[in-house]
Amino acid sequence: MKISFSKYQGTGNDFIMIDDRAEQFPVDKNLIAFLCHRRFGIGADGLILLRNAENYDFRMVYFNADGGEGSMCGNGGRCTVRFAQDLGLFEENTTFIAVDGEHKAVACEDEIFLNMIDVSGIQHDGNDDFMNTGSPHLVTYVEDIEAAEVFNEGKKIRYGDVYGPLGGTNVNFVEVLNEDSLYVRTYERGVEDETYSCGTGVTACALSAHDRLQMESPINVKTRGGNLRVSFVAQAPGKFDNIYLIGPAIKVFEGVFKVDDL
Ligand SMILES: N[C@H](CCC[C@H](N)C(=O)O)C(=O)O
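Residues numbered from 1 in each chain as written. Predicted model: local features only at pLDDT ≥ 70, side-chain atom pairs only at ≥ 80, totals over all residues. Heavy atoms only, no water.

1. Quick word on the UniProt feature "binding site: substrate" (unreviewed entry) in the protein
The positions UniProt marks with the feature "binding site: substrate" (unreviewed entry) are Asn13, Asn64, Gly74, Asn75, Asn170, Glu188, Arg189, Gly199 and Thr200. Of note, glutamate 188 is situated in strand E13 (residues 181-188). Residues in contact with glutamate 188, not counting those within four places in the same chain, are Asn13, Tyr62, Asn64, Asn170, Asp193, Thr195, Ser197 and Cys198. With respect to the secondary-structure elements, arginine 189 resides in the loop between E13 and strand E14 (193-195). Those residues in contact with arginine 189 that sit more than four places away from it in its chain are Asn64, Ser71, Pro136, Arg158, Gly167, Gly168, Thr169 and Asn170. A polar contact is formed between the side chain of arginine 189 and the backbone oxygen of glycine 167, at a distance of 3.2 Å. (UniProt positions renumbered as here; feature names shortened; annotations may be inferred. Helix = DSSP H or I, 4+ residues; strand = E, 2+ residues; numbered from the N terminus. Contact = heavy atoms within 4.5 Å. Polar contact = N/O pair within 3.5 Å; in protein donor to acceptor, adjacent residues only side chain to side chain.)

Structure follows, in structure tokens:
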């Protein structure tokens, strides 16, 4: 069997995109992990199936690099919007469905504006905040982001006593750069490593910075893979709507993978 795919990246968070409107893709954890493997496969932080959905332009089905079906992926969402636009499914404005519900998005030439789910309920714990922006995220503040032990510390928290038993969490390390900018590095669950950028994580950090430091929307967020912006409306402490993740989503290449080669 031959699988046609495209590769997209959003601030260095990279995805195998598959047009699965015919629902022919053989969903299998080992196959997806193999395709995402950076030595043996195509290489990616995740794999996304674009499918048809009644009353929507499309459905996004996201899998982490380990082959498990993930929660929401912000950068992957922006890449799926660009992929759908490239397939001719809409011109500029779209509404689609993902695992966490309905999303609206606007695809401009250089950037995708992706509406994220509303957030309510930020749990504060000392220097840390925890919330769900479509995926679970711990936000922890550091003085020197370059010196942060993202892999070792992230892994410890992800599998630790608090979040481990709950299915784990993504872990974000944040340095405040100035009154409207953050630098974020993320340990991603399901990839089990630091990625170049994590959209739901960047969103969580921006909301946390408003809640804790009164940082105003829009907030600029630097990641290892590039720059994002997060805009939002704060309705009450810890309660946000009209959240947008804004940044580039770029097609890198396309190809055909032979599953018989496995
Ligand atoms: N990279 C993704 C996050 C994926 C979440 C996933 N790692 C999980 O929680 O299982 C993003 O841009 O939002």
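The rest of the description comes next.
2. Observations regarding the site of the ligand
Contacts to the ligand come from 15 residues, most closely from Gly74, Asn170, Arg189, Gly199 and Thr200. A distance of 2.7 Å separates an oxygen atom of the ligand from a polar backbone atom of glycine 74. Here asparagine 170 contributes a side-chain N or O atom positioned 2.7 Å from an oxygen atom of the ligand. Relative to its free-state accessible area of 370 Å², the ligand is covered by the protein chains to the extent of 99%. Considered class by class, the residues forming the shell around the ligand number four nonpolar, nine polar and two charged. Here the shell around the ligand spans two domains, since at least three of its residues come from each of domain 1 (2-114 + 249-261) and domain 2 (119-247). (Near = heavy atom within 4 Å. Areas by Shrake-Rupley, 256 points an atom, 1.4 Å probe, with all protein chains shown as cover. Nonpolar A, V, L, I, M, F, W, Y, C, P; charged D, E, K, R; others polar. Domains from an automatic or database assignment.)

3. Here's the deal with the side chain of threonine 94
Tracing the backbone through its elements, the reader meets threonine 94 in strand E5 (residues 93-98). Among the polar contacts made by the side chain of threonine 94, one reaches the side chain of aspartate 57 at a distance of 2.7 Å.

4. Section: the pattern of salt bridges
Any two side chains of opposite charge can pair, on the condition that their charged atoms come close. Counted under the stated rule, the structure contains 13 salt bridges. In this structure, aspartate 20 engages arginine 51 in a salt bridge whose closest nitrogen and oxygen atoms are separated by 2.9 Å. With aspartate 20 in the loop between strand E2 (13-19) and helix H1 (29-36) and arginine 51 in strand E3 (residues 46-51), this residue pair connects regions lying 31 residues apart in the sequence. With respect to class, aspartate 20 is no different from arginine 51; both count as buried. (Salt bridge = Lys/Arg side-chain N within 4 Å of Asp/Glu carboxyl O. Buried < 20%, exposed > 50% of the residue type's maximum accessible area, 1.4 Å probe, protein only.)

5. Quick look at the UniProt feature "active site" (unreviewed entry) in the protein
Mapped onto the present numbering, the UniProt feature "active site" (unreviewed entry) falls at Cys73 and Cys198. Taken together, the annotated residues stretch across 126 residues yet fold into one region, lying no more than 7.7 Å apart by C-alpha. Positionally, cysteine 73 belongs in the loop between strand E4 (59-64) and helix H2 (74-86). Setting aside chain neighbours within four positions, we find cysteine 73 in contact with Asn13, Phe15, Met60, Tyr62 and Thr200. Inspection of the secondary structure assignment puts cysteine 198 in the loop between E14 and helix H4 (199-213). Its relative accessible area of 4% is what places cysteine 198 among the buried residues.

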